[in-house]
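Residue-level listing of the chains:
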Amino acid sequence: MLEVKNLHVTVEGKPILKGLDLTVNAGEVHAIMGPNGAGKSTLSAVIAGKDGYEVTEGSILFEGQDVLEMEIEERARAGLLLGFQYPIEIPGVKNIYLLKAALNAARAARGEGEIPAPEFMKLVREKSAEMKMDPSFLQRAVNEGFSGGEKKRNEILQMLVLQPKLAMLDEIDSGLDIDAMKVVAQGVNSLRNADRAILLVTHYQRLLNHIEPDRVHVLVDGRIAKSGDKSLALELESRGYDWVVEESAA
Amino acid sequence: MSAPQRFLERLPARSSDEPSWIAARRQAGAARFEAVGFPTRRDEEWKYTDVRRIAEGDFGLAIHADYDRARFDEQRLALDDAHRLVFVDGRFSAELSELDSLPNGASVEPLSRAIDQDAEAIGGALGRLAGVDFSPFTALSTAFADEGAVIRLAPGTAVEKPIYVVMLSRANDVPVMSHPRMLIMAGANSEATVIEHYYGEAEAANFTNVVTEVLLDRGAIIDHYKLQEASLNDLHVASIHVDQTRDSRFNSFNLNLGGALVRNDLVADLNAEGAETTYNGLFFVQGRQHVDNHTLVNHNAPRTFSNENYKGILDDRAHGVFNGKVYVKRDAQQIEAYQNNANLLLSDRAEIDTKPELVIYADDVKCSHGATTGQLDEEAVYGLRTRGIDEAMARALLTLAFAGEVMEQVKLHVIAERVERAVAGRLPERFNLADLVETAEAVQEV
């Protein structure tokens, strides 16, 4: 589904990713871990098309399409969605406006008509309930005045409504207490299916107790230094990152 | 012939039965207008607004009030239980008006009738706040004063349903002018919502010069909505004058979407303790529309309160003006006055001239003011795009949201909905924002 090859990215002239390779198949959950400053967030930001990241070499293919040639909104419509570490506040735009406009944009891209209002209302109410969000959140401006936990739940709510093919979640666990983490993890787990892939970017292993990954990658200095199954995450939890850093330097 | 003379030529012959005070007042208005003429941009108050399109125009007076009933019903606000007074190009339409169910103590009638039947009460009030020296346009209005809406509330009267005054503008063969007056006299502890609604036929190209006077006695509360959706060729000049005594409240919503050339003056005098006034304003202009809002709050007494929030959205080569003055008299201690003006420029060629002014002669006051002009938040545009919403749609949504802050204060749902839809509708149709608004409303109602 996602194929990243030899990806080199610079930010303000400074190399951050230095030849990253990653393949994610449908049905899989991948976790990208690594020490601070390794480039974890850069990877998801580049895939989502954030400004200020220059790809100097390499490629990103999503279902065979060249992601780097796609507009930001085209990526989302194709099913590539990023949940932000710091969700963006959108002043005055009601959550429900965003959800409906986004859903209809994706439907239009697939050649489908707009979602009928009753169906849409049922959908958003159901998904809000799953995220334990009061329906009044739908009338509030996107992330405006939300607590950290509410913002993260709102990111997952968007995923539940938009049903992306590849959900990328950047540090979705940061700033969450244990109850909020459970709600968020439940939301993410409900997205798991054979046709969808999930990419978790996280510094800490604790999220992975709630969302079990199929593959764990350690990003060190702009490259994947080590990959393994979920046991690798546990090893990182007990041993820290230093040994991987040393191993990769050797 | 000078421009003022050309306008005054149109003065109709008056019946000799009319009360002498009204004749004298009209004469004073005409004399003043002839002496001062139309304002030019050399006048400080008119620095950014060129009224030559009015001064050089040739406008007749409407002779009848015919308007297609079906079209009227289709365009008006869906306020089926409102008390309604309708004017067509300044002429009263009894046919389209609806005044059956007014509560005791409330009277709503056309000015022509009020002058006939209760000359004394009207004579004491009409023109008291809007003097002929306020502006050349109030002088012109006074010269022609013969029609409009008179709303009187006896002490303690609460009118639950809105009082809906409609001013229609027709696409006439020859452009016409109208000089309607609004006179609202709210007795002690009375309460009402008054709507002035301007709209009409898309091809209309008339000149409307309206003067509104609002007198609030002790404890009276008036919510005043002005919804201006005139045709894009209409010329519209208006002034609203408010006089507030103790503990009275005036809430103004000044919502301007239409008109080629629009000037609004809004003046409130807070004359006794506890008087409170709120100015909410929104305008959205496109093409070459020009909207000028001049507001003034006079804090003449201690412990009076004002809060003003004006927002403008300007696209294409539209031009907006905001001049907001707050004046605090020497002994008006412990007043609070807040003012904010925010403008959103959707095009490089749109222009806004904004000038907030605080003039304070008291020393124990809480005042703030601010003006911002900017483009849309690019981070927010990006945030929407990452959810699959294209850039133009993202900008449309954010524009709607910008207007939303003022619209949230609107208590009348039909007006909020109308304006939201109008704003959404002016953004490209394919976005179907009107449908979004509807959905949000439906979800809320469930």
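Residues numbered from 1 in each chain as written. Chains lettered and ligands numbered in written order. Predicted model: local features only at pLDDT ≥ 70, side-chain atom pairs only at ≥ 80, totals over all residues. Heavy atoms only, no water.

Turning our attention to the overall build of chain A. When its secondary structure is counted, chain A shows nine helices and ten strands. Oriented by its inertia axes, the alpha-carbon framework of chain A measures out at about 60 × 40 × 35 Å. Counting across all 250 residues of chain A, residues that qualify as buried make up 55%. Across chain A, every contact between residues at least 6 apart in sequence was considered, and the portion connecting residues at least 24 apart equals 67%. (Helix = DSSP H or I, 4+ residues; strand = E, 2+ residues; numbered from the N terminus. Buried < 20%, exposed > 50% of the residue type's maximum accessible area, 1.4 Å probe, protein only. Contact = heavy atoms within 4.5 Å.)

Here the focus is the sheet that holds strand β21 (residues 365–374) of chain B. All names here are of chain B. The ten strands are arranged β3-β2-β6-β9-β11-β13-β15-β17-β19-β21 in an open sheet whose pairing can be described as mixed. Pairing within the sheet leaves two strands with one partner each, and these edge strands are β3 (91–98) and β21. For this sheet, the mean inter-axis angle between neighbouring strands, taken without regard to orientation, is 10°. Where strand β19 (residues 335–345) meets β21, ten bridges bridge the pair, whose relative direction is parallel. Bridging from a neighbouring strand, Ala337 pairs with Cys367 of β21. In the packing of helix α9 (residues 391–407) onto the sheet, the strands contacted are β13 (249–256), β15 (276–285), β17 (305–314) and β19, and the crossing angle to β17 comes to about 160°. (Pairing = 2+ DSSP bridges. Axes fitted to C-alpha atoms, helices over the stretch in contact; angles between N-to-C directions.)

Residues and elements named next belong to chain A. Here Lys40 shows up in helix α1 (residues 40–48). Taking the C-alpha atoms as reference points, Lys40 and His203, 163 residues apart in sequence, are found 8.7 Å from one another. Once you skip the residues sitting within four places of it in the chain, Lys40 turns out to touch Ile32, Met33, Gly34, Pro35, Glu171, Val201, Thr202, His203 and Leu219.

A word on the packing of aromatic side chains. Residues and elements named next belong to chain B. Scanning the model with the defined rule gives 14 aromatic pairs over all chains in all. Ring geometry for Tyr310 and Phe322: centres 5.4 Å apart, planes at 40°, overall tilted. Residue Tyr310 is located in strand β17, and its partner Phe322 is located in strand β18 (residues 319–328); the two are separated by twelve residues in the primary sequence. Each member of the aromatic cluster is reached from another via a ring pair, and the members are Phe7, Phe33, Phe38, Trp46, Phe59, Phe137 and Phe207. (Phe/Tyr/Trp six-rings, centres within 6.5 Å; stacked < 30°, edge-to-face > 60°.)

Once that is clear, we can look at the nonpolar core. Among the nonpolar cores identified, the biggest contains 132 residues, and A:Leu2, A:Ile90, A:Leu166, A:Leu200, B:Leu168, B:Ile389 and B:Ile415 are the most heavily contacted of them. Top contributing element to this core by residue count: α9(B), with ten residues. Shared between two domains, this core holds at least three residues of each, these being domain 1 (3–272) and domain 2 (376–446) of chain B. A:Leu200 has contacts with A:Val29, A:His30, A:Ala31, A:Ile32, A:Leu169, A:Leu207, A:Leu208 and A:Ile211, leaving out every residue within four places of it along the chain. The next biggest cluster of nonpolar side chains, apart from the first, holds 34 residues, and it includes B:Val165, B:Met167, B:Ala186 and B:Val214. (Core = buried A, V, L, I, M, F, W, Y, C linked by side-chain atoms within 4.5 Å. Domains from an automatic or database assignment.)

Here we come to the interface of chain B and chain A. Listed by partner, the interface residues are 29 residues for chain B and 34 residues for chain A. When chain B packs against chain A, close to 2,800 Å² is buried across both sides, 63% of that on carbon and sulfur atoms. As a salt-bridge pair, B:Asp390 and A:Arg77 come within 3.8 Å of each other at their nearest N and O atoms. The interface formed by chain B and chain A includes seven residue pairs in polar contact (both at pLDDT 80 or more). Of all the secondary structure elements, the ones that give two or more residues to the side of chain B that touches chain A are α8 (378–385), α9 and α11 (433–445) of chain B. (Buried area = accessible area lost by both parts, 1.4 Å probe. Salt bridge = Lys/Arg side-chain N within 4 Å of Asp/Glu carboxyl O. Polar contact = N/O pair within 3.5 Å; in protein donor to acceptor, adjacent residues only side chain to side chain.)

All names here are of chain B. One pass over the full model with this rule turns up six cavities of 30 Å³ or more. Along the wall of the largest cavity there are 14 residues; nearest its centre are Leu61, Arg91, Asp146, Ser178 and His179. Taken as a whole, the second largest cavity holds about 110 Å³ of empty space. Around the second largest cavity sit 16 residues that line it, and Met167, Leu168, Ser169, Tyr198 and Thr208 are the ones nearest its centre. For the lining of the second largest cavity, the secondary-structure elements that each account for two or more residues are β6 (163–169), β9 (191–200), β10 (207–216) and β12 (235–244). With three residues, the single largest contributor to the lining of the second largest cavity is β6. Of the residues that constitute the lining of the second largest cavity, the class distribution is eight nonpolar, six polar and two charged. (1 Å grid on protein atoms, 1.4 Å probe; cavity = no way out; pocket = protein on both sides within 12 Å on 5 of 7 lines; lining within 4 Å. Points joined across faces, edges and corners; volume = space filled by probe spheres on them. Nonpolar A, V, L, I, M, F, W, Y, C, P; charged D, E, K, R; others polar.)

Let us look at the packing of helix α5 (residues 148–162) of chain A against helix α6 (residues 178–191) of chain A. Residues and elements named next belong to chain A. Remark: α5 packs on α6, axes separated minimally by 10 Å, with the N-to-C direction vectors making an angle of 15°. Between α5 and α6, the angle falls in the class roughly parallel. Taken as a pair, α5 and α6 cross one another with a handedness that is left-handed. Contacts between α5 and α6 involve Lys152, Arg153, Ile156, Met159 and Leu160 from the first element and Val183, Val184, Gly187, Val188, Ser190 and Leu191 from the second. (Parallel < 35°, antiparallel > 145°, perpendicular 65-115°, else oblique. Left-handed = near helix turned anticlockwise from the far one by under 90°.)

Before going further, it helps to examine the layout of surface pockets. All names here are of chain B. Quantified by volume, the second largest pocket comes out at close to 370 Å³. Looking at the second largest pocket, it is lined by 16 residues, and the ones nearest its centre are Tyr199, Glu229, Ala230, Arg418 and Ala422. Those elements that provide at least two residues to the lining of the second largest pocket are β9 and α10 (413–426). Counting residues per element, the lining of the second largest pocket draws most heavily on α10, at five residues. Partitioning the lining of the second largest pocket into residue classes produces six nonpolar, five polar and five charged. Here the lining of the second largest pocket gathers at least three residues from each of two domains, domain 1 (3–272) and domain 2 (376–446).

Residues and elements named next belong to chain A. Strand order across the open sheet formed by six strands is β6-β7-β8-β3-β9-β10, with mixed pairing between neighbours. Strand pairing shows two members of the sheet lacking a second neighbour, β6 (80–83) and β10 (223–228), which therefore form its edges. Taken pair by pair, the neighbouring strands of this sheet meet at an average axis angle of 20°, ignoring direction. Bridge count for β6 against strand β7 (residues 166–170) is four bridges, and the pairing is parallel.

All names here are of chain A. Mapping Arg196 onto the fold places it in the loop between α6 and β8 (197–201). Of the polar contacts made by the side chain of Arg196, one reaches the side chain of Gln163; its length is 2.8 Å. A distance of 2.5 Å separates a polar atom in the side chain of Arg196 from the backbone oxygen of Pro164. Here Arg196 is in contact with Met1, Ala26, Gly27, Glu28, Gln163, Pro164, Lys165 and Leu191, once residues within four sequence places are set aside.

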